[in-house]
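# Summary of structural features
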Amino acid sequence: YHDVLFSYEDNEIVLNHIDFTIKSGKSIALVGPSGGGKTTICSLLPRFYDITDGLITIGGQNIKDIKLESLRSSIGIVQQDVYLFGGSVKENIAYGKLDATDEEIYRAAKYANIHDYIMTLEKGYDTQVGERGIRLSGGQKQRISIARVFLANPPILILDEATSALDSITERNIQKSLDELSEGRTTLVVAHRLTTIRKADVIIVITKDGIAEMGNHEELMNMKGIYYKLNQA
C-alpha cells in the first residue's frame, strides 16, 4: 500500500496516507477503534473498491494491471459473516475450487477440522445445509468457509473479524484452523480480540486519522500508546 487515499462517492475521506508493506509469507494485523477503515483497507486489495489515489501493488505489480479474475483467485477471504448456499456440504466447500476432486474436498475439510463432524451427519458430505446454512451452527459454518479457502489454496489471505461472532471456546478451536491456514501465506488480519493477533509479524493501529502506531506486540506494548490501552482494556 503506497500512500493510499480512499473516499466513497460522497467524497468523505475514509483512508488517507495509508502506507505499509507486507513481506511475502508474513502476517499483518489491523487493530483500532471501529470506523477507522480496517475492513476498507482489506476490501481495496481484491478491488471490491478502487482507491482514489496512491498505489497498491503485489510483487511490484499494480493491482489495476492484473486481471480481476486472476487477482481475486489469488486471495482467500474468511469473514465474520459466512455465506453458504442452499446446497450440500460438499458443494459449499467445493465453491473454493469448482473442479476439485472428492479427495481434495475431504482433505480441505480435515485441515479445517470439520471432516469428523460431517461424517456424523445423516448423509455425510451430501447433507443439505439449508438456506444460508441454517442447519449449521456459527462455528460449523465458519469451518466450512475455512475449508473452502484451504481448497482454493491462495497465496494471500484476508481474515476479517473471522471469529468475533463465536463464543470463546469455539473461537479458540477455530483459531487453530486459522493458524494452520495462515502458515506460509501472506496474511492480512482484522481483529477486535487482541489475543488472536499477538503473534502477527507486524501490528498496525488504525484510527480515523490514519496509521497511528506500527510494530510487533512487544514493541507496541512498550510504547504505552493506543495499542497498550486497548490491551489494558
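Before reading further, recall that the structure is shown in the block above.
Below or above, wherever it landed, is the structure these notes cover.

Conventions and cut-offs
Residues numbered from 1 in each chain as written. Predicted model: local features only at pLDDT ≥ 70, side-chain atom pairs only at ≥ 80, totals over all residues. Heavy atoms only, no water. Core = buried A, V, L, I, M, F, W, Y, C linked by side-chain atoms within 4.5 Å. Buried < 20%, exposed > 50% of the residue type's maximum accessible area, 1.4 Å probe, protein only. Helix = DSSP H or I, 4+ residues; strand = E, 2+ residues; numbered from the N terminus. Contact = heavy atoms within 4.5 Å. Lys, Arg positive; Asp, Glu negative; His and termini not counted. Salt bridge = Lys/Arg side-chain N within 4 Å of Asp/Glu carboxyl O. Pairing = 2+ DSSP bridges. Axes fitted to C-alpha atoms, helices over the stretch in contact; angles between N-to-C directions.

### Concerning the nonpolar core
Counting 41 residues, the largest nonpolar core has Ile93, Ile197 and Tyr227 as the members making the most contacts within it. Counting only elements with at least two residues in this core, the list comes to β3 (27–31), α3 (89–94), α4 (102–111), α6 (138–152), β8 (156–160), α7 (168–182), β10 (202–207) and α8 (217–223). Counting residues per element, this core draws most heavily on α6, at six residues. Apart from the residues lying within four places of it in its own chain, the contact partners of Tyr227 are Val31, Leu194, Ile197, Arg198, Ile203, Val205, Glu213, His217, Leu220 and Met221. With 25 residues, the next largest nonpolar core counts Val4, Leu188, Val190 and Ile206 among its residues.

### Looking at the side chain of Arg148
Position of Arg148 relative to the elements: it lies in helix α6. No salt bridge is formed by the buried Arg148; the nearest opposite charge belongs to Glu91, separated by 10 Å. Every residue in contact with Arg148, bar those within four places of it in the chain, is listed here: Tyr83, Leu84, Phe85, Asn92, Ile93, Tyr95 and Gly96.

### Some remarks on the pairing of strand β9 (residues 186–190)
For β9, the buried fraction is high: five of the five residues fall into the buried class. Here β9 shows no split at all, with Thr186, Leu188 and Val190 on one side and Thr187 and Val189 on the other all buried. Two strands pair when backbone bridges link them, and β3 and β9 are joined in this way by four bridges, in the parallel orientation. The residue bridging Leu30 from the neighbouring strand is Val190, located in β9.

### With respect to the pattern of salt bridges
In the structure shown here, the tally under the stated rule is three salt bridges. A salt bridge links Arg47 to Asp50, with the nearest nitrogen and oxygen atoms 2.7 Å apart. The partner of Glu104 in a salt bridge is Lys97, and the shortest N-O contact between them spans 2.8 Å. Using a relative accessible area of 28% as the deciding quantity, one classes Lys97 as partly exposed.

### Considering the sheet that holds β10
Pairing in this open sheet of six strands is mixed, and the strands run β7-β8-β9-β3-β10-β11 from one edge to the other. In the strand order of this sheet, the two ends are held by β7 (75–79) and β11 (210–215), each with one partner. On average, each strand axis in the sheet is inclined to that of its neighbour by 15°, with strand direction left out of account. Packing against the sheet, α6 makes contact with β7 and β8, and its axis sits at approximately 175° to β7.

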